[in-house]
Amino acid sequence: MTPTEWAIVALALVGAFFGGVASIGIVRLPDVYTRAHAASKSDTLGAVLSIAAAALAIQTDLATIKAVFLLVFMFLTNPTAAHAIARAAQDQGIEPWTTSDEEGKS
């Protein structure tokens, strides 16, 4: 395998890993704020790495330019959307999860 192919495989695997971490975080975390954090950080990194792998694999001028625009778009909009969701939850009066919430359950 060439170094480019190794880079494509590495980017795709690491992107899939972070996508999986984001999915697990969304399912397992206790409240909207921590879920938004998991979605904005891990999902953005996973998507950016996966799209970078696709851009390297395709290697045509127009497709690579489109992938770079998509990378920038996702890098800017995913965290912004998570912030907007967290802000809307705060405006609705949703309280963040605390350890005392866990202690109250028996």
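This is a predicted model, so every value here is computed, not measured. Residue numbering note: each chain is counted from 1, following its sequence as written. Local features in this predicted model are restricted to residues of pLDDT 70 or higher, and side-chain atom pairs are both shown and tallied only at a pLDDT of 80 or more, whereas totals for entire chains, interfaces and linings draw on every residue. Processing note: side-chain calculations cover all non-hydrogen atoms of the structure and skip hydrogens and water entirely.

Caption draft 1: A look at the overall build of the protein chain. Scanning the protein chain from N- to C-terminus turns up 4 helices and 0 strands. Secondary structure counts use DSSP, requiring at least four H or I residues in a row for a helix and at least two E residues in a row for a strand, with both numbered from the N terminus. Secondary structure elements of the protein chain, listed N to C terminal, follow the sequence α-α-α-α. For the protein chain, whose C-alpha radius of gyration is 18 Å, the value lies well above the compact-globule estimate of 13 Å for 106 residues. In terms of overall dimensions, the protein chain has a C-alpha envelope of 55 × 30 × 15 Å along the principal axes. The buried label goes to any residue with under 20% of its type's maximum accessible area, the exposed label to any with over 50%, and the partly exposed label to all in between, with areas taken from a 1.4 Å probe on protein chains only. Expressed as a percentage of the 106 residues in the protein chain, the buried residues total 23%. Within the protein chain, counting contacts between residues at least 6 apart in sequence, those at least 24 apart form 67% of the total. Under the counting rule used here, the positive set is Lys and Arg, the negative set is Asp and Glu, and His together with the chain ends is not counted. Lysine's charge is taken at NZ, arginine's at CZ, aspartate's at CG and glutamate's at CD. Each charge class in the protein chain can be summarised by its mean position, and for the 6 positive and 9 negative side chains these summaries are 3 Å apart. Here the globule rule reads 2.2 Å times residues to the power 0.38, and the radius of gyration is calculated from C-alpha atoms. Note on contacts: a residue pair is in contact if any heavy atoms of the two residues lie within 4.5 Å.

Caption draft 2: Representation of the environment of lysine 66 within the structure. Structurally, the position occupied by lysine 66 is in helix H3 (residues 61-91). For lysine 66, a relative accessible area of 54% gives the class exposed.

Caption draft 3: Representation of the nonpolar core within the structure. The biggest cluster of nonpolar side chains holds 7 residues, and these are Ala47, Val48, Ile51, Ala55, Ala67, Leu71 and Met74. Elements with a minimum of two residues in this core: helix H2 (32-58) and H3. The element that contributes the greatest number of residues to this core is H2, accounting for 4 residues. Setting aside its immediate chain neighbours within four residues, alanine 67 contacts Ile51 and Ala55. Residues belong to a common nonpolar core when they are buried Ala, Val, Leu, Ile, Met, Phe, Trp, Tyr or Cys residues joined through side-chain atoms within 4.5 Å.

Caption draft 4: Expanded view of the UniProt feature "transmembrane region" (unreviewed entry) in the protein chain. UniProt positions are given in the numbering used here, feature names are shortened, and annotations may be inferred rather than shown by experiment. When the UniProt feature table is mapped onto this chain, "transmembrane region" (unreviewed entry) is found at residues 6-27 and 48-76. End C-alpha to end C-alpha, residues 48-76 measures 11 Å, and it is 93% helix and 0% strand.

Caption draft 5: Local environment of the packing of aromatic side chains. Only Phe, Tyr and Trp rings take part, Trp by its six-membered ring, and two of them pair if their centres are within 6.5 Å. Stacked means planes under 30 degrees apart, edge-to-face means over 60, and tilted covers everything else. Counted by the stated rule, this structure contains 1 aromatic pair. Taking 5.3 Å as the distance between ring centres and 75 degrees as the angle between the ring planes, the aromatic pair formed by phenylalanine 17 and phenylalanine 18 counts as edge-to-face. Exposure remark for phenylalanine 17: the relative accessible area of 52% places this residue in the exposed category.

Caption draft 6: Main features of the side chain of threonine 44. Its place among the elements puts threonine 44 in helix H2. For threonine 44, a relative accessible area of 6% translates into the label buried. Contacts of threonine 44, omitting those with residues within four sequence positions, involve Ala39, Met74, Phe75, Asn78 and Pro79.

Caption draft 7: Expanded view of the packing of helix H1 (residues 3-28) against H2. Orientation is described by lines fitted to C-alpha atoms, with helices fitted over the stretch in contact, and by angles between N-to-C directions that extend from 0 to 180 degrees. Two numbers describe how H1 lies on H2: the axes approach to 7 Å, and their chain directions differ by 160 degrees. When the interaxial angle is binned, H1 and H2 end up roughly antiparallel. For the element pair H1 and H2, the recorded crossing hand is left-handed. Note on residue categories: nonpolar means Ala, Val, Leu, Ile, Met, Phe, Trp, Tyr, Cys or Pro, charged means Asp, Glu, Lys or Arg, and polar means any other residue, Gly included. Residues belonging to the contact of H1 with H2 are distributed by class as follows: 19 nonpolar, 6 polar and 2 charged. An angle counts as roughly parallel when it lies under 35 degrees, as roughly antiparallel when it exceeds 145, as roughly perpendicular when it falls between 65 and 115, and as oblique in every other case. Should the near helix be turned counterclockwise from the far one by less than a right angle, the crossing is left-handed, whereas a clockwise turn marks it as right-handed.

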